[in-house]
Amino acid sequence: MSRIGKLPISVPAGVAISVDNNNAVTVKGPKGSLTTQVDRDITVAVEDGTLTVTRPTEQKRHKAMHGLYRSLINNMVTGVSAGFEKKLELVGVGYKASLVGSTLELALGYSHNVYIALPGEVSATAVTEKGKNPIVTLNSIDNQLLGQVAAKIRSLRKVEPYKGKGVRFVGEIIRRKAGKTASK
């Protein structure tokens, strides 16, 4: 049995979960609503404030989907009740971030600024304090979309291993290289 898949999901107060005939799971909460299509072989049952995900057989395909759909539904429940947040730090001289409407403007050491149009489900804030690196905070109820947007922003200037300059997640540990040494 899948260790992740067999865990029941406790549904917090204020969150409603419905499963239709096509096995589409809809989760509604105080922050919004999310829907995902679950494979027809996987069974989703809501009873007494807990949600369980079960698989019909021990086939490799069913085992793989069991934990996957349980995690996706759990992320949906967490998203509509509490939401998700990712923080990105811009490390480098002259690196800046500002938000104009739903467009994120980044100065990352290129000849021109980089503009990113954020999806409607993702909100952002850019904070720049004197003497500290700029921090971009992304918030959303959809964990998958949030991770995708954060990865896209991070890919614009990946952290280099010698000086550690680039876009990184707050708290991310970067393996540093020693670099060249002076000759004898």
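- Naming follows an unreviewed UniProt entry, where the chain appears as Large ribosomal subunit protein uL6 of Hymenobacter negativus.
- The UniProt entry for the chain carries the following comment under Subunit (unreviewed entry): "Part of the 50S ribosomal subunit."

## Considering the UniProt feature "domain: Large ribosomal subunit protein uL6 alpha-beta" (unreviewed entry) in the chain
- The UniProt entry lists residues 11-83 and 91-168 under the feature "domain: Large ribosomal subunit protein uL6 alpha-beta" (unreviewed entry), expressed in the numbering used here.
- Counted over residues 11-83, helix gives 30% and strand 36%. Its end C-alpha atoms are 15 Å apart.
- As annotated, residues 91-168 has a helix share of 17% and a strand share of 37%, and its two end C-alpha atoms lie 8 Å apart.

## Here's the deal with the nonpolar core
- Within the largest apolar cluster, 22 residues are counted, with the highest numbers of intra-cluster contacts made by Leu 90, Leu 106, Ile 116, Val 136, Leu 138 and Ile 153.
- Mapped onto this core, the elements with two or more residues apiece are strand S7 (84-91), strand S9 (103-107), strand S10 (114-117), strand S12 (135-140) and helix H2 (143-155).
- When neighbours within four sequence positions are excluded, Leu 90 is seen to be in contact with Tyr 95, Lys 96, Ala 97, Leu 106, Leu 108, Asn 133, Pro 134, Val 136, Gly 166 and Val 167.
- Judged by nonpolar contacts, the second largest core, of 19 residues, contains Ile 42, Met 65, Val 77 and Val 80.

Here is what the cut-offs are and how they apply
Residues numbered from 1 in each chain as written. Predicted model: local features only at pLDDT ≥ 70, side-chain atom pairs only at ≥ 80, totals over all residues. Heavy atoms only, no water. UniProt positions renumbered as here; feature names shortened; annotations may be inferred. Helix = DSSP H or I, 4+ residues; strand = E, 2+ residues; numbered from the N terminus. Core = buried A, V, L, I, M, F, W, Y, C linked by side-chain atoms within 4.5 Å. Buried < 20%, exposed > 50% of the residue type's maximum accessible area, 1.4 Å probe, protein only. Contact = heavy atoms within 4.5 Å.

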